[in-house]
Amino acid sequence: MKFNLNLASRRYVNKRALNYAFLIVFAVLFLFVAWKMNVLLTGNRSLQLNQQQLVETQRQLQGLRGGPHKILTSKEREKLKSEYVVAAGLLSQDAFRWTRLLDRMEKLLPEGVSLSGFTPDYKKKSLTLNGRATNLKKMRIFLDKLLKKGDFKEVFLKSHSRIKVRDHAGTERSAISFSLQLEGVF
């Protein structure tokens, strides 16, 4: 094997082309780094904006819930309990359907009996009825219907009396005024 080495000959390297190639590679690398920095900064800004929106949304949610949670004192708890009892009572009164009761009364009323007043007592779950009947027999029929078909716990006759009433023609007639107490209405 024979090695020929000529130290006098040198290789030709086009330095200008090599410098352009390095310049292009560095420019591409610089553009790539700049693009990545832009993506990083845009993502960071977007993250900060999302965090601000999250804080704002949480603040609005707290506002809708009545503000931040606070610990109530015993006086405040008692006040809230009393307000709750009042509100629950009003809701239970509102839940009762008067139209259903009036419809039941209309079906139970015989001819010759009329009701003139309803006085509810929500605490005792009772209802006081005031009315008039043309005679004692009509009032008894009404009482019997209330006891049999009324679906009330108890029906009490509180009072009754004879009265004089005028009809639509102006004729004075005798009638019976009565007052009933119905238990277990509400």
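Scroll up to find the structure this text is about.
Residues numbered from 1 in each chain as written. Predicted model: local features only at pLDDT ≥ 70, side-chain atom pairs only at ≥ 80, totals over all residues. Heavy atoms only, no water.

A. Region of interest: the sheet that holds strand β4 (residues 172-183). As summarised here, the arrangement of the four strands in space is β1-β2-β4-β3, forming an open sheet in which the pairing is antiparallel. Whereas interior strands pair on both sides, the edge strands pair on one side only; in this sheet they are β1 (113-121) and β3 (154-166). Taken over all neighbouring pairs, the strand axes of this sheet differ in orientation by 15° on average, direction set aside. The sheet contact formed by β1 and strand β2 (residues 126-133) spans eight bridges and is antiparallel. Within β2, the position partnered with G117 by the bridge is N130. Packed on one face of the sheet, helix α3 (residues 98-108) meets β1, β2 and β4 and runs near 145° to β1. The strands touched by helix α4 (residues 136-149) are β1, β2, β3 and β4; relative to β4, the strand with the most contacts, the crossing angle is about 20°. (Pairing = 2+ DSSP bridges. Helix = DSSP H or I, 4+ residues; strand = E, 2+ residues; numbered from the N terminus. Axes fitted to C-alpha atoms, helices over the stretch in contact; angles between N-to-C directions. Contact = heavy atoms within 4.5 Å.)

B. Inspection of the nonpolar core at higher detail. The biggest cluster of nonpolar side chains holds 19 residues, and the ones touching the most others in it are M105, F142, L146, F152 and L182. When contributions to this core are tallied by element, the ones reaching two or more residues are α3, β2, α4 and β4. Residues contacting M105, with those up to four places away along its chain left out, are L115, F118, L129, F142, L146, F152 and L182. (Core = buried A, V, L, I, M, F, W, Y, C linked by side-chain atoms within 4.5 Å. Buried < 20%, exposed > 50% of the residue type's maximum accessible area, 1.4 Å probe, protein only.)

C. Highlighting the packing of aromatic side chains. Evaluation of the coordinates by the stated rule reveals three aromatic pairs. Relative to W35, the ring of F32 lies with its centre 6.1 Å away and its plane at 45°, an arrangement referred to as tilted. Linking F32 with W35, this pair stays in helix α1 (residues 15-64), spanning three residues, or about one helical turn. (Phe/Tyr/Trp six-rings, centres within 6.5 Å; stacked < 30°, edge-to-face > 60°.)

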